[in-house]
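Chain residues, written in single-letter form:
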Number of protein chains: 2
Amino acid sequence: MNYLCRMLENKNQSRTPLSELGEFKLIDHLTKNALKHHKSTLKGVGDDCAVIDNSGLQTLVTTDFLVEGVHFDLSYVPLKHLGYKAVMVNLSDIYAMNGTARQITVSIAVSNRFPLEAIEELYEGIHLACNTYNVDLVGGDTSSSTKGLLISITAIGVVDPEKCVYRSGAGANDLLVVTGDLGAAYLGLQVLEREKQVFQVNPNANHELDNYTYLVERQLKPEARKDVVKLFDDLKVKPTSMIDISDGLSSEVLHLCKQSKTGCQLYEDKIPLDQQVISTCEEFNLDSTTIALSGGEDYELLFTVKQEDYPKIKGNPNFSVIGHMTQDEGIVELVTRGGQKVPVTAQGWNALN
Amino acid sequence: MNYLCRMLENKNQSRTPLSELGEFKLIDHLTKNALKHHKSTLKGVGDDCAVIDNSGLQTLVTTDFLVEGVHFDLSYVPLKHLGYKAVMVNLSDIYAMNGTARQITVSIAVSNRFPLEAIEELYEGIHLACNTYNVDLVGGDTSSSTKGLLISITAIGVVDPEKCVYRSGAGANDLLVVTGDLGAAYLGLQVLEREKQVFQVNPNANHELDNYTYLVERQLKPEARKDVVKLFDDLKVKPTSMIDISDGLSSEVLHLCKQSKTGCQLYEDKIPLDQQVISTCEEFNLDSTTIALSGGEDYELLFTVKQEDYPKIKGNPNFSVIGHMTQDEGIVELVTRGGQKVPVTAQGWNALN
């Protein structure tokens, strides 16, 4: 399948200059398909504010900024995927509090090189994410930019005060657990970058991404772990601390330890890796542990549970126990396959050699 | 007073490259002075989400994007003022629902031409606005941009469901009322633009802004009308519809009429103008009514009340009755001083000549 090539060539034929619509018409146009999923959404787009009624629950708010040329490269990221992913990045933060996402606002700034159809494609992905994750698009702002496309999303959610999980609740001897597998999204980006360079040199070269479909999908269309929040409820497990993996495992472990005032022992051989991650790391001559620790954009959940909850999560294919917390505040170490202990740093880990 | 010149020359001497701090350190650094004003702010910066508990009230959410080169020009807007104004723009939307602002999130994307000190100055203005308006800074995101400075702010507020005012509630014969005066912020921008051009031609020219202090202040340091929300409460007035004036009076009147399915008769001689607006319009050879209708950025409140509430607002120096709503849906007219009726359009109004 010539996946990348298709994306690169998939230029919209119809082009409506944004200047043909005013700002208000653009907002109306882009949000007219927004469904309303929640009774708590009293008012969506079309007034000074969205109005949300969350009586009895705590309200969660999170926000992220995505900048063209910094967070994404439109030469290989289809706009629909970008819209979908931009929503996921925010929902993931709500789930990382053990909460339910209910509303988002989406603001974009866009240069005049984008025709209306491109922005519609972006919003198709946003609407798809909203409908799939049962979230209401309730507001936003559209603006010109002097360069490129910028997306700022704010997600609003709710959580039962009894169930809210902070980064700061881990205790010594709690188990450190991660959902899914790690490193694939980062490798997907490397694969796409390589294909882009091949394409630039020779647009007629044969692009073969079949061996990397999982990696590319993890990069372009990540799914936030809403299912895990439900799973916690079903299993009657409340994590003691939790964070989502956006910047990479090592960075997130350090956040949990810092805010919980604990240390951590992390076991290299327990880190879950997909087979495509292992084979592609070999091909690219990369260390798969480094990729899992530093890659980022996995949007899996990293959490701690009390040891007494181990039977509830044991054997569940969604969970991998990868370490345990210690009382040695600030000492975060990777125990390698060879049994050595290596300090974990935010930039990855200090390689052995 | 050589006001503009001082601003243009006020370059920070100390320059810390942003690359010296990581993203996390930058957020910590910029938000460490954020005070917590509300018990409802359970968790501010430092977790995946802010946690806000608004039991029993409705939650309001609004967001705005400010882009360098589109919404502001840093050659004459001091960064501290910009930060302050960026918050005002959002709070104004909360007040326009008759609500109370409680929290904001601030996301910035910034190119590497900005040293840390510049971003600190921006946040000084943001913190000042938060402290003055009793609002908590609870989260955000910092990011690189490939060009310039971009600011995305989301404000969260609450409102008693009985008091929430939408744009859609105006009825025929309701009075149309505006707070403060109009047109000054737009003229302030014209004055600053002119001074910038003079400065570019001759940096040693004598800049005299004393005659325009009110205009410049309205442009650079607008104040959202939190006081008016309190005043409504004190006077026991609930507007039937309300909007804030960000894009200009004519545009906002059209919004109210469209959403309320009414028409409107607006009286030219009732539009409140400051003396500096009148004199500067004469000097610049501009029509003051056009400026008031189309200027924008006033951040005053425009609202409608039932005629029976007229005694409650009559004579109050904060309010000017400038027209009345009609049942003629879609017919929005300016009644000129000469008694002629001119259709009001979003771009201002069709001038008489």
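Along each chain, residues carry numbers from 1 onward, in the same order as the chain's sequence is written. Chains and ligands are labelled sequentially in the order written, the chains with letters from A and the ligands with numbers from 1. For a predicted model such as this one, the threshold for reporting local features is a pLDDT of at least 70, and the threshold for listing and counting side-chain atom pairs is 80 or more; totals across whole chains, interfaces and linings nevertheless cover every residue.

Caption draft 1: Structural detail: the domain arrangement of chain A. Residue and element names in this part refer to chain A. Delimitation of the domains relies on an automatic or database domain assignment. In terms of domains, chain A is made up of domain 1 (3-159) and domain 2 (175-349). Spacing between the C-alpha centres of domain 1 and domain 2 amounts to 26 Å. Counting from both sides, the interface comprises 19 residues of domain 1 and, opposite them, 23 residues of domain 2. Secondary structure elements are defined from DSSP: runs of H or I of at least 4 residues count as helices, runs of E of at least 2 residues count as strands, and each element is numbered from the N terminus. Elements that contribute at least two residues to the side of domain 1 that touches domain 2 include exactly α1 (3-9) and α3 (79-95). When residues of the side of domain 1 that touches domain 2 are assigned to their parent elements, the largest contribution, nine residues, is made by α3. Along the lines of polarity and charge, the residues of the side of domain 1 that touches domain 2 split into 13 nonpolar, four polar and two charged. Throughout, a residue-residue contact means that the two C-beta atoms, derived from backbone geometry, are no farther apart than 7 Å. Basically, the charged four are Asp, Glu, Lys and Arg, the nonpolar ten are Ala, Val, Leu, Ile, Met, Phe, Trp, Tyr, Cys and Pro, and anything else, Gly included, counts as polar.

Caption draft 2: Seen up close, the packing of helix α5 (residues 184-201) of chain B against helix α6 (residues 213-220) of chain B. Residues and elements named next belong to chain B. Think of each axis as a best-fit line through the C-alpha atoms, taken over the contacting stretch in the case of a helix, with angles from 0 to 180 degrees between the N-to-C directions. Contact geometry of α5 with α6 gives a least axis separation of 7 Å together with a crossing angle of 100°. Between α5 and α6, the crossing angle belongs to the class labelled roughly perpendicular. Facing Ala 184, Ala 185, Leu 187, Gly 188, Leu 189, Val 191 and Leu 192 of α5, the residues of α6 in contact are Tyr 214, Leu 215, Val 216, Arg 218, Gln 219 and Leu 220. Residue classes in the contact of α5 with α6 are distributed as 10 nonpolar, two polar and one charged. Here is the rule for angles: anything less than 35 degrees is roughly parallel, anything more than 145 is roughly antiparallel, 65 through 115 is roughly perpendicular, and the remaining ranges are oblique.

Caption draft 3: Molecular detail of unusual backbone geometry. In this structure, A:Lys261 is a non-glycine residue whose phi angle is positive, near 55°. Assignment of secondary structure puts A:Lys261 in the loop between α8 (249-260) and β9 (263-267).

Caption draft 4: Representation of the environment of A:Val191. Residue and element names in this part refer to chain A. Along the chain, the position of Val 191 falls in helix α5 (residues 184-201). Distance from Val 191 to Gln 219, taken between C-alpha atoms, is 9.9 Å for residues 28 residues apart in sequence. Setting aside residues no more than four positions away along its own chain, Val 191 makes contact with Leu 209, Tyr 212, Leu 215 and Val 216.

Caption draft 5: Broad picture of the relation of the copies chain B and chain A. Once chain B is rotated about the relating axis by 180° and shifted along it by 0.0 Å, it coincides with chain A to within an RMSD of 0.0 Å. In short, the pair behaves as if placed about a two-fold rotation axis. Closest to the rotation axis within chain B is the C-alpha of B:Ser55, separated from it by 2.1 Å. Mapped onto chain A, 98% of the interface residues of chain B are again interface residues, and the two copies thus contact each other with one and the same surface. In this comparison the copies share one frame, found by least squares on the C-alpha atoms of residues holding pLDDT of at least 70 in both.

Caption draft 6: Representation of helix α9 (residues 275-284) of chain B. All names here are of chain B. Turning to α9, its buried residues number three or more, namely Gln 276, Val 277, Thr 280 and Cys 281. End-on, the buried residues of α9 take up no more than an arc of 130°, which puts them together on one face. More than 90 degrees from the buried face of α9, the exposed residues found are Gln 275, Glu 282 and Glu 283. Where the residues of α9 are buried, they touch α5, α6 and α10 (288-294). Looking one or two residues beyond α9, the residue adopting positive phi is Asn 285, at roughly 60°. Our exposure labels follow a C-beta count within 10 Å of each residue's own C-beta, placed from the backbone: buried means 20 or more other C-beta atoms, exposed means 12 or fewer, and partly exposed covers the counts in between. Working definition: the arc comes from the directions between the helix axis and the C-beta atoms, pointing outward to the latter.

Caption draft 7: Inspection of the sheet that holds strand β3 (residues 58-67) of chain A at higher detail. A pair of strands is labelled paired if DSSP reports no fewer than 2 bridges between them. Strand order across the open sheet formed by six strands is β5(A)-β4(A)-β6(A)-β3(A)-β2(B)-β1(B), with mixed pairing between neighbours. Looking at strand neighbours, the two that pair on one side only are β5 (136-144) of chain A together with β1 (41-43) of chain B, the edges of this open sheet. Shown here is a sheet whose adjacent strand axes are inclined to one another by a mean of 20°, direction ignored. Inspection of the sheet shows β3(A) paired to strand β2 (residues 50-53) of chain B by four bridges, in the antiparallel sense. By the bridge assignment, A:Leu60 is partnered in β2(B) with B:Val51. Relative to the sheet, α3(A) contacts β3, β4 (100-110) and β6 (149-159) of chain A, its axis offset from that of β6(A) by approximately 30°. Lying on the sheet, helix α4 (residues 116-133) of chain A is in contact with β4 and β5 of chain A; it crosses β4(A) at an angle near 175°.

Caption draft 8: Representation of the sheet that holds strand β4 (residues 100-110) of chain B in the model. Spatially, β1(A)-β2(A)-β3(B)-β6(B)-β4(B)-β5(B) is the arrangement adopted by the six strands of the open sheet, whose pairing is mixed. Either end of the sheet is taken by a strand with one partner, and the two such strands are β1 (41-43) of chain A together with β5 (136-144) of chain B. The average undirected angle you get between the axes of adjacent strands in this sheet is 20°. The pairing of β4(B) with β5(B) spans eight bridges and is parallel. Residue pairing in the sheet places B:Ser107 in a bridge with B:Asp141 of β5(B). In this fold helix α4 (residues 116-133) of chain B packs onto β4 and β5 of chain B, with an angle of close to 175° to the strand it touches most, β4(B).

Caption draft 9: Seen up close, the confidence of the model for chain A. Residues and elements named next belong to chain A. Here chain A averages 87 in pLDDT, and 89% of its residues register 70 or above. Each residue carries a pLDDT score, the predictor's confidence in it, ranging from 0 to 100. For residues 1-12, every residue scores under 50 in pLDDT, and the model assigns this stretch 20 contacts once sequence neighbours within four places are set aside. Under a pLDDT of 50 for its full length, residues 348-353 has, in the predicted model, 14 contacts with residues more than four places off or in other chains. With a pTM of 0.87, the predicted complex shows an ipTM of 0.84.

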